[in-house]
Amino acid sequence: MGIRYKQIGIEEREEIARLRTAGQSIREIAAALDRAPSTVARELKRNRTRKGEYKAKYADEQAWARRWCGSRLERDDDLRGRVLRGLARGWSPEQVAGRLAREAGAPVISFETIYRFIYAQIARKKDYRWRHYLPRGKWRRGRRGRKGGSPASFIALRRPLVERPSAAGDRRTPGHWEADLMLFRRYGQAVLTLHERHSRLLIGVRPRGKAAAPIASAIANILEPLPSQWRQSVTFDNGTEFAQHHQLHGLGIETFICDTHSPWQKGGVENAIGRMRRGLPRKTDLASLSEQRFTELVQAYNNTPRKCLGYKTPAETFWDDLALHFKCESTFPLSGE
């Protein structure tokens, strides 16, 4: 067993005050109390009055005042309710803290405080239901190991990611998308996801299968109604379901393929799928999932505040920028007059 330390009590503080008044040194006081000199020095420094004097009663009150009296979320019922409501909507602690700060115009609480509060409930009460408030549903902190990888596939007319315009890379220009399939336990079930890199908007549809031609047609049907500036490029991985990516070239959409075994190169859609897994785990049977519920899950993602957007939501960012685009188009000065 390790060394156990006893905190200084009121009797020892009275003795410290008496010996200090008598002119005893820190080492002499420590020897009289059978304490380490550093302990006595710290006590004299931390609990002295503003005038530099050491009084036993004042020192004891100061020590008690510094003791932990519960986290802020345990003491503030209103704030705890707002935080838990945000977590119940599927927001991460960082998104909850950021949204509260955006609404208040100043920081309200840190996301680390929220994490510590949740894990403290699990540790003290042994109630593991608290973990469901967290995005990944883990009951303790740390990363889980992952095994396996994706196979490399040859795709015709592929263009490597290094050829993608720099405007797509810095996310400042709208109209550059990433695509991926969200797969499930039952064979043939999938969700096609399109993620817009600038606004982080997510579009999800449920195709009937993973064949390349229908997947390409579904992507074309989604992007065709948008203005040309909002459908400039799409980035794919090396899955065979995207082998017909070149069908999009007829719409003026450039297509780019990630390097093999490098899904992180389209990290936006990978992150989006990870967030969608909270409501659509791999064991989900899509056949029993109503279209209304599926739409609600996609809308919940698009209406969740994001740190990278200054805690605006993807929907707010997308529609604000799209409205600005149409406003600029309608007010563009006519030439020749």
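Residues numbered from 1 in each chain as written. Predicted model: local features only at pLDDT ≥ 70, side-chain atom pairs only at ≥ 80, totals over all residues. Heavy atoms only, no water.

J.: When you look at the pattern of salt bridges in this model, what are you seeing that I'm missing?
T.: Close approach of charged atoms allows side chains with opposite charge to pair. For the coordinates displayed, the defined rule picks out 21 salt bridges. Between Arg13 and Asp60 there is a salt bridge whose closest N-O contact spans 2.6 Å. Of this pair, Arg13 sits in helix α1 (residues 10–21) while Asp60 sits in helix α4 (residues 56–65), and the two are 47 residues apart along the sequence. Accessibility expressed as a relative area gives 17% for Asp60, which makes it buried. Across the pair Glu316 and Arg99 runs a salt bridge, and its minimum N-O distance is 3.6 Å. You can see Glu316 sitting in helix α13 (residues 314–330) and its partner Arg99 sitting in helix α7 (residues 93–104), a full 217 residues away along the chain. Overall, Glu316 belongs to the partly exposed group, its relative accessible area being 31%. Judged by its relative accessible area of 17%, Arg99 falls in the buried class. (Salt bridge = Lys/Arg side-chain N within 4 Å of Asp/Glu carboxyl O. Helix = DSSP H or I, 4+ residues; strand = E, 2+ residues; numbered from the N terminus. Buried < 20%, exposed > 50% of the residue type's maximum accessible area, 1.4 Å probe, protein only.)

J.: So what exactly am I meant to see when it comes to helix α12 (residues 291–302) here?
T.: Side chains that are three or four residues apart share a direction in an α-helix, a result of its 3.6 residues per turn. A rise of 1.5 Å per residue sets the reference length of α12, with its twelve residues, at 16 Å; its end C-alpha atoms lie 17 Å apart and thus fit the reference within 8%. Those residues of α12 lying buried are Phe294, Leu297, Val298, Tyr301 and Asn302. With its buried residues spanning 140° around the axis, α12 presents them on a single face. (Expected span 1.5 Å × (residues − 1). Arc of directions from axis to C-beta.)

J.: Where do I start with the sheet that holds strand β2 (residues 190–196) in this structure?
T.: Sheet strands associate in pairs through backbone hydrogen bonding, adopting either a parallel or an antiparallel arrangement. Strands sit in the order β3-β2-β1-β4-β5 across an open sheet of five strands; the sheet is mixed. A single partner strand is all that each edge strand has here, and the edge strands are β3 (202–205) and β5 (254–257). Neighbouring strand axes in the sheet, compared pairwise and without regard to direction, differ in orientation by 25° on average. Bridge count between strand β4 (residues 233–236) and β5: four bridges; the pairing is parallel. Opposite Phe236, over in β5, you have Ile257 as the bridge partner. The sheet strands contacting α12 are β2 and β3, and the helix crosses β3 at an angle near 165°. (Pairing = 2+ DSSP bridges. Axes fitted to C-alpha atoms, helices over the stretch in contact; angles between N-to-C directions. Contact = heavy atoms within 4.5 Å.)

J.: Would you take a moment to explain helix α8 (residues 111–125) for this structure?
T.: The terminal C-alpha atoms of α8 lie 21 Å apart, and with 15 residues this matches the ideal 21 Å at 1.5 Å per residue to within 8%. Restricting attention to buried positions, one finds in α8 the residues Ile114, Phe117, Ile118, Tyr119, Ala120, Gln121 and Ile122. Of the surrounding secondary structure, the elements contacted by the buried residues of α8 are α5 (72–75), α6 (77–88) and α7. One or two positions beyond α8, positive phi appears at Lys126, with a value near 55°.

J.: Is there a simple way to think about the nonpolar core in this case?
T.: Burial of nonpolar side chains together is a common tendency in soluble globular proteins. One finds Ile219, Leu223, Val234 and Phe236 to be the most contacted residues of the largest nonpolar core, which totals 23 residues. Sorting elements by how many residues they give to this core places helix α10 (residues 212–223) first, with five residues. Other than its neighbours up to four places away in sequence, Leu223 contacts Trp177, Leu194, Arg231, Val234 and Ile253. Listed in part, the 18 residues of the second largest apolar core include Leu79, Ala97, Ile114 and Tyr119. (Core = buried A, V, L, I, M, F, W, Y, C linked by side-chain atoms within 4.5 Å.)

J.: Looking at this model, I keep getting lost on the packing of α6 against α8. Mind explaining?
T.: Each pair of packed helices can be described by the angle between their axes along with the distance between the axes. It is at 12 Å that the axes of α6 and α8 come closest, and there the two elements cross at 85°. Considered as vectors, α6 and α8 are oriented roughly perpendicular to each other. Every residue of α8 that contacts α6 at Arg80, Val83, Leu84 and Leu87 is listed here: Ile114, Phe117 and Ile118. Residue composition of the contact of α6 with α8, by class: six nonpolar, no polar and one charged. (Parallel < 35°, antiparallel > 145°, perpendicular 65-115°, else oblique. Nonpolar A, V, L, I, M, F, W, Y, C, P; charged D, E, K, R; others polar.)

J.: Help me out: how do you make sense of unusual backbone geometry in this one?
T.: Glycine aside, residues mostly have negative phi, and peptide bonds are mostly found in the trans state. Of note, Leu157 is a non-glycine position whose phi angle comes to about 60°, a positive value. Structurally, Leu157 can be placed in the loop between α8 and α9 (166–169). On the basis of relative accessible area, Leu157 is assigned to the exposed category, the value being 58%. Residue Arg200 is not a glycine yet carries a positive backbone phi of 65°. Within the fold, Arg200 resides in the loop between β2 and β3.

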